[in-house]
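Structure at a glance
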Amino acid sequence: MADVPKREVENVEFVFEVMGSPGEGIDAVDLGDALRALNLNPTLALIEKLGGTKKRNEKKIKLDEFLPIYSQVKKEKEQGCYEDFIECLKLYDKEENGTMMLAELQHALLALGESLDDEQVETLFADCMDPEDDEGFIPYSPFLARMCERPDQLK
C-alpha cells in the first residue's frame, strides 16, 4: 500500500472516517485539509497538482488513491519546518531578543506566500499566540512551536 507504514495507514483511515463518507472517500476539495490533519504541510499548488479541487462534489478521492498522494507529500522537501520558520521570523527581530511586532507577523501572514485571510489569522492568533507586550511585541518562538506542534520548543 504505497510504502506507508501500518500505523500511518491507520491514521489515514481515521481521517477518512472523520472527513469522508463510507465507501465514497473524501471530497477532493478537502485534500489539503486531510493532509494537514496528518501533520503534513503541502502548498496550495501541490494540492492542486495532486488532484485537489476548488469546488465541492467535483471529485472524490478513495483511500487507495489517497495513500500514494500522502506518501508523495510526505517526501516533499518544500514544506517548511519549525527551524525554517524561525529563520524567517528572525528577519523581523530587530533587537535580536526573540520578539517581533505583532503587526509585522500579521502582515506577513496576510500578504506573503500563500496568504491567509483575516479570519484565519485571528483563529491562528487565538490558538497559538502569547499576549503582546505594552509595545506591541510578541515572542515568536512559542507561537511557532504551537503552530508546528513542537512542545519541546515551548519556553
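Quick look at the structure, then. Values in this document were obtained by computation on a predicted structure and should not be read as measured data.

1. Brief notes about the environment of Asp-30
Tracing the backbone shows Asp-30 in the loop between β1 (26-27) and α2 (31-37). Note on Asp-30: relative accessible area 11%, which makes it buried. Contact partners of Asp-30, with chain neighbours within four places excluded, come to Met-19 and Arg-56.

2. Comments concerning unusual backbone geometry
Here Asn-39, not a glycine, exhibits a phi torsion of approximately 65°, which is positive. Here Asn-39 lies in the loop between α2 and α3 (44-49). Take Asn-39: its relative accessible area is 57%, and that puts it in the exposed class. Positive phi outside glycine occurs at Glu-96, with the angle close to 50°. Mapped onto the elements, Glu-96 comes out in the loop between α5 (82-90) and β3 (99-101).

3. Remarks on the packing of helix α1 (residues 6-19) against helix α4 (residues 63-75)
Contact geometry of α1 with α4 gives a least axis separation of 11 Å together with a crossing angle of 120°. The orientation of α1 relative to α4 falls into the category oblique. Of the two elements, α1 crosses α4, and the hand of that crossing is right-handed. Seen from α1, the contacting residues are Glu-8, Val-9, Val-12, Glu-13 and Phe-16; seen from α4, they are Leu-63, Phe-66, Leu-67, Tyr-70 and Lys-74. Looking at the contact of α1 with α4 residue by residue, the class counts come to seven nonpolar, no polar and three charged.

Rules used in this analysis
- Along each chain, the written sequence defines residue order, and numbers are assigned to residues from 1.
- Given that this is a predicted model, residues contribute local features only at a pLDDT of at least 70 and side-chain atom pairs are listed and counted only at 80 or more, while totals for whole chains, interfaces and linings are drawn from all residues.
- Only hydrogens and water are set aside when side-chain values are computed; all heavy atoms of the structure are taken into account.
- Each helix is a run of H or I in the DSSP string that is no shorter than four residues. Each strand is a run of E no shorter than two, and both are numbered from the N terminus.
- For every residue, the accessible area (1.4 Å probe, protein chains only) is compared with the maximum for its type, and the residue is labelled buried under 20%, exposed over 50%, or partly exposed between those bounds.
- Residues count as neighbours in contact if any of their non-hydrogen atoms are within 4.5 Å of one another.
- The axes are straight lines fitted to the C-alpha atoms, using for helices just the contacting stretch, and the angles between their N-to-C directions are given from 0 to 180°.
- Angular relationships are summarised with four words: roughly parallel below 35 degrees, roughly antiparallel beyond 145, roughly perpendicular across 65 to 115, and oblique for the angles in between.
- A crossing counts as left-handed when the near helix is turned anticlockwise from the far one by less than a right angle, and as right-handed when that turn is clockwise.
- Here the term charged refers only to Asp, Glu, Lys and Arg, the term nonpolar to Ala, Val, Leu, Ile, Met, Phe, Trp, Tyr, Cys and Pro, and the term polar to all other amino acids, Gly among them.

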